[in-house]
Amino acid sequence: MSVEEMRWDLSQLVESTDPASVRQMLESMVAEAEKIREKYYGKIGGLGAEGLLGLLELNDSMTLKYGGVTLYCRLLYSANALDDTAKQLNDASRTSVMKMGQTLAFVEIEMGKLLASDPSIVEDSVLAEYKHSLERILRNVPHMLSDKEEQLILAKDKNGVYAWQQLQNDWLSTRTYEIEVEGEKKTMPYGEIIGLYQNPDRDLRMRANQIVYEELGRDEIIWASAVRSVCADHLQICGIRDYPTPMTQSFIANDVDQETIDSLMSTIVKSTGLYQRYLRMKAGLMGLEKLANYDIVAPLPNAPEMVYTWEESRDEVVSAYSDFDQQLGGWADEMFERNHIDGEVRKGKRSGAFCSTWLGGKSAYILQSFNGTVGNVRTQAHEMGHAIHAYLGSRAQKPSNYKIGSCIAECGSNFGELLLIERLLSKAATKKEKQAVLATLLDSFGMTCFQVSARVFFEQSMYDTIEEGGFLDGETVAGLWTAARDKIYGDAIDWLEVMKWEWTMKVHYYMPNRRFYNYPYVFAKLFVFALYRLYKEQGEAFVPKLRSLLAAGSSKSPWELGKELGFDIRTEEFWEKGMMQAEEFIDMLEETL
Ligand SMILES: [Zn+2]
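Residues numbered from 1 in each chain as written. Predicted model: local features only at pLDDT ≥ 70, side-chain atom pairs only at ≥ 80, totals over all residues. Heavy atoms only, no water.

Let's shift gears to the overall build of the chain. Counting its regular elements, the chain contains 23 helices and seven strands. Against the 2.2 N^0.38 benchmark of 25 Å for 593 residues, the chain shows a C-alpha radius of gyration of 24 Å, consistent with a compact globule. Each principal axis of the C-alpha atoms in the chain carries an extent, and together these give about 70 × 55 × 55 Å. Buried residues in the chain amount to 56% of all 593 residues. Total accessible area on the chain is roughly 24,100 Å²; 50% of this is exposed by carbon and sulfur atoms. (Helix = DSSP H or I, 4+ residues; strand = E, 2+ residues; numbered from the N terminus. Rg over C-alpha atoms; globule rule 2.2 N^0.38 Å. Buried < 20%, exposed > 50% of the residue type's maximum accessible area, 1.4 Å probe, protein only. Areas by Shrake-Rupley, 256 points an atom, 1.4 Å probe, with all protein chains shown as cover.)

Next up, the structure:
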């Protein structure tokens, strides 16, 4: 296997990769935005349904035309933060996107005013395709500020919160760590050393955690300063925008409501016993009295060796989707064929994994650091689900209807993970193999539903502390982190002291407009477990239902999408269904004991 196969080809996103030509494209984007402003500024209030349709279609054509070039700059930088051209183009692109945002900020404001003064326009049949996207704008109207103020907020974020994010990203991706592996001293970038968290060698896992978090804790002053500013900034903006709670902005962005999320989080709190039951079972399987934090997602000891080459991973992931639906499998294969996936591990590359939609190309790009573990294969299946979502959504919807809130955005990805697990379970020849696969599944379920919920409680506790007049220094933040963590884990885990610094590396705490970034992951995981139960009940009849759910993009709310499947997501009863599916998997594991 050549390393080229593991590198993505970003040249498809632009007409020419010559930096001068990329810059020119960015300039045309801003110039076109200015033309839209000249034509529409101050006039949107007077538009009828037909006129509004013209504007919306113009906006969508901008996204299709220029989405590729801005994505190119962003991905180039994600792939190598140390490259000067990448750095400069990313900066140029961000500046252009910001300029465009400022130039067009009036559109949503004037459109909001138009909709507020005449809500019936939302129902006009001419605008049928844009109906839900207009409803979402209407919901945001009470929190919108003037054109000038909105521009100020964009400018403030670029040199404020975004600068914290950039610092955190640059810092993390350029760190190296010294660790002894099999008697050999090694120096590893962050993206590589975190691969050791799932190493079969318990002592190595422990040392990797100790080394990374000790180092992160050493710079607590930076991280505390950052989260303190980001949280205080958010509370201030909540006041200015008249959001009743720090979560409200996320409800609007995710197209959900308080009732739904309250039911979800309350189900989680009630089900911590179920999770702890699994953790104790896993301790038994590992021959331990109790799990330590570096065992939570570790593979079972004596688990059959599962190391995958890039080709093998491709085969597993593509087949998992093909077994569900031929066309979906074909698209997954196309992602490899066209080199839309970057799997190589290298210094300067962004850590973690993500998938970016390319609407203009009706496709997507995936970044991950592939070390050949089964976890990497699962991540690939996960990100591939996002890509499949993009393939379906970009074919069925206009760009305005592909602004998917994170709750639904994580559906294709989580469902894809389950398809892969199902495939691995069916191939498992021995009890040990079956246990290893189920543990992988339940580890991921536990992390996404429960560990992530701890992060929701943690974030809320930071706002509470500020509002009560407290000061978020490093130790205080660490205390809030461990309190939220213990609410989920109880006494089921022994923690390394340095794990109190775990919050420092979570990138979303530093990102602008990503407050309460976490609960949609919990939502999606449980939602998909419930969907999976339906799939098992209905078999092939379920396939078109999942396809239409993903193809709907953001044209319907999560509540509507649930309703079409016969669910009411505002009730705890619904969420308990997802939990019952989890219990079934835990029972399956118990049966192997
Ligand atoms: Zn995802």
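Consecutive side chains along a regular strand alternate between the two faces of the sheet. Across six bridges, the pairing between strand β1 (residues 176–181) and strand β2 (residues 184–189) is antiparallel. Across the sheet, E178 pairs through a bridge with T187, a residue of β2. Counted between consecutive antiparallel strands, the loop separating β1 from β2 contains two residues, among which E182 sits at a positive phi close to 50°. (Pairing = 2+ DSSP bridges.)

On to helix α23 (residues 572–591), then. A rise of 1.5 Å per residue sets the reference length of α23, with its 20 residues, at 28 Å; its end C-alpha atoms lie 28 Å apart and thus fit the reference within 8%. Buried within α23 are the following residues: F574, W575, G578, M579, Q581, A582, F585, I586 and L589. (Expected span 1.5 Å × (residues − 1).)

Under the defined criterion, the tally for this structure stands at 42 salt bridges. When the shortest N-O distance is used, the salt bridge between D257 and R570 registers 2.8 Å. Linking D257 in the loop between α10 (248–254) and α11 (258–270) with R570 in the loop between α22 (558–564) and α23, this pair joins segments that are 313 residues apart in sequence. The class of D257 is buried, set by a relative accessible area of 18%. Between E337 and R314 there is a salt bridge; the shortest N-O distance is 2.6 Å. Here R314 lies in helix α13 (residues 310–324) and E337 lies in helix α14 (residues 326–337), a separation of 23 residues in the sequence. On the accessibility criterion, R314 (16% relative accessible area) is buried. (Salt bridge = Lys/Arg side-chain N within 4 Å of Asp/Glu carboxyl O.)

Okay, the side chain of Q435 next. Within the element layout of this structure, Q435 appears in helix α18 (residues 431–467). On the basis of relative accessible area, Q435 is assigned to the buried category, the value being 7%. Once you skip the residues sitting within four places of it in the chain, Q435 turns out to touch L285, L300, L589, T592 and L593. (Contact = heavy atoms within 4.5 Å.)

A few words now on the coordination of the zinc ion. The zinc ion binds to the protein through H382 (NE2), H386 (NE2), E410 (OE) and E410 (OE); the donor distances cover 2.1 to 2.6 Å. Between the four donor atoms coordinating the zinc ion, the angles at the centre fall across 53 to 141°, so the site counts as irregular. (Donors = N, O, S within 2.8 Å, 3.2 Å for Na, K, Ca; no water. Tetrahedral: all angles 85-135°; square planar, octahedral: opposite > 155°, others 65-115°.)

In terms of residue burial, strand β5 (residues 354–358) counts as a mostly covered element, since four of its five residues are buried. Pairing geometry for β5 and strand β6 (residues 363–367), over five bridges, is antiparallel. Bridging from a neighbouring strand, S356 pairs with Y365 of β6. Here β5 folds back onto β6 in antiparallel fashion, the turn holding four residues, of which K362 has a positive phi close to 50°.

Moving on: the packing of helix α6 (residues 161–174) against helix α9 (residues 220–241). Their axes nearest at 10 Å, the elements α6 and α9 cross at an angle of 150°. In this view, α6 runs roughly antiparallel relative to α9, as classed from their interaxial angle. Crossing of α6 over α9 shows left-handed handedness. Counted together, V161, W164, L167, Q168 and W171 of α6 and I222, W223, S225, A226, S229, V230 and D233 of α9 form the full contact between these two elements. Taken together, the residues that form the contact of α6 with α9 break down as eight nonpolar, three polar and one charged. (Axes fitted to C-alpha atoms, helices over the stretch in contact; angles between N-to-C directions. Parallel < 35°, antiparallel > 145°, perpendicular 65-115°, else oblique. Left-handed = near helix turned anticlockwise from the far one by under 90°. Nonpolar A, V, L, I, M, F, W, Y, C, P; charged D, E, K, R; others polar.)

Strand pairing in a sheet is mediated by backbone hydrogen bonds. Such pairs are either parallel or antiparallel. Spatially, three strands are ordered β4-β6-β5 in an open sheet, and the strand pairing comes out mixed. Each edge of the open sheet is held by one strand with a lone partner, namely β4 (341–342) and β5. Across two bridges, β4 lies against β6 in parallel orientation. Residue pairing for β6: D342 is matched across the bridge by L367. Taken strand by strand, helix α2 (residues 49–79) contacts β5 and β6, and its axis lies near 160° from that of β5. Of the strands in this sheet, β4, β5 and β6 are in contact with helix α15 (residues 374–396), which crosses β6 at around 165°.

Below, the discussion takes up the side chain of T70. Note on placement: T70 falls in helix α2. Within the local environment of T70, its side chain forms a polar contact with the backbone oxygen of G67, the two atoms lying 3.2 Å apart. Among all residues touching T70, those that are not within four sequence positions of it are L26, M29, S93 and V97. (Polar contact = N/O pair within 3.5 Å; in protein donor to acceptor, adjacent residues only side chain to side chain.)

Our next topic: the packing of aromatic side chains. Under the counting rule described, the total for this entry stands at 35 aromatic pairs. Aromatic pair Y517 and Y521: ring centres 5.4 Å apart, planes at 45°, arrangement tilted. Y521 gets classed as partly exposed once you look at its relative accessible area, which sits at 22%. Aromatic side chains F529 and F585 sit 5.7 Å apart centroid to centroid with 75° between the ring planes, which places their arrangement in the edge-to-face category. Here F529, found in helix α20 (residues 519–538), pairs with F585, found in helix α23; they are 56 residues apart in sequence, far enough to count as distant. Above the ring of Y41, the side-chain terminus of R37 is found at 4.3 Å from the ring centroid. Taking the ring centre of W171 as reference, the NZ or CZ of R175 above it sits at 4.4 Å. (Phe/Tyr/Trp six-rings, centres within 6.5 Å; stacked < 30°, edge-to-face > 60°. Lys NZ or Arg CZ within 6 Å of the ring centre and 35° of its normal.)

Spatial relationships are all this shows, so hold off on functional conclusions.
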